[in-house]
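Chain by chain, the residues:
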Amino acid sequence: MSTLTLTNIAKSYANGYQAVQQLDLDINDAEMVVLVGPSGCGKSTLLRMIAGLEEITSGELVIDGQVVNHLEPGERDIAMVFQNYALYPHMTVYNNMAYGLRNRKTPKDEIHRLVTEAAEMLELSELLDRKPKELSGGQRQRVAMGRAIVREPKVFLFDEPLSNLDAKLRVQMRIQIKKLQRRLATTSIYVTHDQVEAMTLADKLVVLNKGNVEQVGTPLEIYDNPASLFVATFIGSPAMNILDAIVKPEGIEFGTSLLPGNTQLINLGDVKLGLRPEHLQIVEHNPLFEVEVDLIEALGADLLLYCNTLDAQPQALVVRVQGHAVIHIGDKLGLDINLQDLHLFDPITAKNLYFDSNLLQKKEVIYA
Amino acid sequence: MVERRPLFKLFCHVILIFGILAIALPVWLALVATTHENNVFATGTPLWFGDLGLSVFWDLLSSDSSFNNSALPITHMLFNSFVMALTITLGKLSISILSAYAVVFFRFPGRMLAFWMIFFTLMLPVEVRIMPTFEVITNLNMLNSFSGLTIPLIASATATFLFRQFFLTIPQELIEAARIDGAGPIKFFFDILLPLSRTNIAALFVITFIYGWNQYLWPLLITTDAQYYTIVMGIKQMLGVVDGIVEWNKIMATTIIAMLPPVVVVIAMQKAFVKGLVDTEK
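All values derive from a computational prediction rather than experimental measurement. (Residues numbered from 1 in each chain as written. Chains lettered and ligands numbered in written order. Predicted model: local features only at pLDDT ≥ 70, side-chain atom pairs only at ≥ 80, totals over all residues. Heavy atoms only, no water.)

Attention now goes to the overall build of chain B. Looking only at helices and strands, chain B has 13 helices and zero strands in total. For chain B, the succession of helices and strands along the chain, N to C, is α-α-α-α-α-α-α-α-α-α-α-α-α. Computed over the C-alpha atoms, the radius of gyration of chain B is 23 Å, more than 25% above the 19 Å expected from 2.2 N^0.38 for a compact globule of 282 residues. Across its three principal axes, chain B shows a C-alpha extent of roughly 75 × 65 × 30 Å. Residue burial in chain B is summarised as follows: out of 282 residues, 39% are buried. Contacts in chain B between residues at least 24 apart in sequence constitute 70% of all its contacts with a sequence separation of at least 6. Each charge sign in chain B was given a centre, from 16 positive and 16 negative side chains, and these centres are 15 Å apart. (Helix = DSSP H or I, 4+ residues; strand = E, 2+ residues; numbered from the N terminus. Rg over C-alpha atoms; globule rule 2.2 N^0.38 Å. Buried < 20%, exposed > 50% of the residue type's maximum accessible area, 1.4 Å probe, protein only. Contact = heavy atoms within 4.5 Å. Lys, Arg positive; Asp, Glu negative; His and termini not counted. Charge placed at Lys NZ, Arg CZ, Asp CG, Glu CD.)

Printed below as a string of structure tokens:
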């Protein structure tokens, strides 16, 4: 039905600030694309440019083969769900949903059919005569969704739609949005800073940083192979541990530990070592390195151990273990990791070196 | 504020009661005066009702101009006042809401300059600019006309400023949602902005209606033709009898009549008025 193509899209403000820089992105039909990044990364600006609420400084935005750079938001055939819902306070739920259709001169009985259908889908049928202030947060959110759905637009745009809801409702709505999007098969762009939302909703995940695309891919691709230090630490919770290490001819050395192997393919010198908290295992014998537990966070299902390596220069890292493990503050633990789960990053460019972990072997290390 | 000291409470009540008395007493005296024969006033001001009842009111409203010593019957003066007050009110509201709309929601060169120029006129009320304004109105041949009576009073920085402050509180996202829903500037104004401003409009209606109704100096200057006398001017005229007796009971009755329309407006719009001043419905 509808595809989007962004070519060389850039946004700069009068004061010279570059919010989005030379960005290319292809969005396929019926795809759910999630733009994720920290605040100020340009994700909202990008969404608003697609919506037509923000002018595109340069580049080309194509929806369904048509360049829409200079079209008004109302003419782009898009619908948007805002963070604070932006419902018209003086209109009933019904009128809130019907307003956009009326402006498009949709026949009355058609409006009625579309609104009642959408209301049923979102369980709003009972509330059609209420005003927004008589609704709860979750209900308002659903009305905002309904307002987007009734229009049957080419593209749905979501601007952090769940961040005003409480945690439980957020999870429910997340699932509902996912189901709805599947069912309607409408191309969608979703902006969030919440990486759990991003991972669960996305068909295609776009990680943005400082107005640049850091990486595009499926959530799992990005989780498994983060292209840069930024992506590695941004996706995944708790964040990936990054340790300083040194590449030597005979292997990779961090602290007092050495991973021997063939390191000829990468430059010698400093390197950043990435270890996900969930990939680290506590082992009784033959550990890769040792840590001391500094702080414990019990999450129920999991236990997060904040540890320091037992080196001359201790480095902090987090280990995730199962919730009922018997571990106390001050315990010394031996840790190990599967070599395939290990990432190496260039300390200067911050890019993933995609080093072939098969070249490393584990050596028996015996600690005193 | 939660105060639990009975003495302080008593003190507050005493102050308030004095305040109410100070305001209510003249009204009371006026009301009492309407029920007495005119010769009573020679000996002093009565404090309790006489035996005329409402007959003075009735005579005033039903008789012609000869009865009240002025050039125009009371009813005609009331009509003039109504036309003037309503024109000023509606003119003020529509012009100020439109200029506030332009200043808040559109980006055009000189926007802030325009706003500050409007704001600056706050410092030039009618009384200050009365001579130049009179000159302009004379040159435009608008003496002795309703347009001359009302137009110079319509421009209002206060109302523009109030609407601007209200418009600034409307979330940006609401405007964006309307744009995505395909509403242009005019549709947005009528479908969303105007309904949202309802309570503010009501509050301003009350304030400007009273302002327009109570105008005295400007009508006095601009009208020489008795056809355009307003009720507030009429009262003054009734005092100015040559060689005659000032008919206090009629004057007081006219005063009471002149007070009523603003009171009615306040009562009718009270709910919306209070809401407009204290409540934000968003």
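Structure's up, so let's keep going.
As a further point, take the pattern of salt bridges. Two side chains of opposite charge can pair, provided their charged atoms sit close to one another. Residue and element names in this part refer to chain A. A full pass over the atoms with the stated rule returns 12 salt bridges over all chains. A salt bridge links R48 to E54; the nearest nitrogen and oxygen atoms lie 3.0 Å apart. Assessed through its relative accessible area of 19%, R48 is described here as buried. Judged by relative accessible area, which is 18%, E54 ranks as buried. (Salt bridge = Lys/Arg side-chain N within 4 Å of Asp/Glu carboxyl O.)

So, on to unusual backbone geometry. That bond from A:S237 to A:P238 is cis: its omega, -5°, falls within 30 degrees of zero. Mapped onto the secondary structure, A:P238 falls in the loop between α8 (229-234) and β11 (241-248). The phi angle at A:A185 is positive, at roughly 50°, despite the residue not being glycine. Inspection of the secondary structure puts A:A185 in the loop between α5 (167-184) and β8 (187-192). In this structure, B:N141 takes a positive phi of about 60° despite not being glycine. With respect to the helices and strands, B:N141 occurs in the loop between α5 (130-139) and α6 (146-154). Its relative accessible area of 69% is what places B:N141 among the exposed residues.

Time to look at the nonpolar core. It is characteristic of soluble globular proteins that their nonpolar side chains tend to be buried jointly. Ranked by internal contacts, the top residues of the largest apolar core, which has 83 residues, are A:L46 and B:F167. There are two domains that each give this core at least three residues, and those are domain 1 (1-63) and domain 2 (65-280) of chain B. The residues touching A:L46, leaving out its near neighbours within four places in the chain, are A:L6, A:I9, A:V20, A:L23, A:L35 and A:L208. Listed in part, the 46 residues of the second largest apolar core include A:L87, A:V93, A:V115 and A:V207. (Core = buried A, V, L, I, M, F, W, Y, C linked by side-chain atoms within 4.5 Å. Domains from an automatic or database assignment.)

With that settled, consider the domain arrangement of chain B. Residues and elements named next belong to chain B. With domains assigned, chain B is organised as domain 1 (1-63) and domain 2 (65-280). Between the C-alpha centres of domain 1 and domain 2 there is a distance of 29 Å. Listed per partner, the contact involves 16 residues of domain 1 and 19 residues of domain 2. Both sides together, the interface formed by domain 1 and domain 2 hides about 1400 Å², and carbon and sulfur atoms give 79% of it. The largest share of the area that domain 1 buries against domain 2 comes from N38, L60 and L61, three residues that together contribute 43% of it. In this assembly, domain 1 and domain 2 are joined by zero salt bridges. The tally of links from domain 1 across to domain 2 stands at zero residue pairs in polar contact (both at pLDDT 80 or more). Broken down by secondary-structure element, the contributors of at least two residues to the side of domain 1 that touches domain 2 are α1 (6-33) and α2 (55-62). At five residues, the largest contribution of residues to the side of domain 1 that touches domain 2 is made by α2. Residues of the side of domain 1 that touches domain 2, tallied by class, amount to 10 nonpolar, four polar and two charged. (Buried area = accessible area lost by both parts, 1.4 Å probe. Polar contact = N/O pair within 3.5 Å; in protein donor to acceptor, adjacent residues only side chain to side chain. Nonpolar A, V, L, I, M, F, W, Y, C, P; charged D, E, K, R; others polar.)

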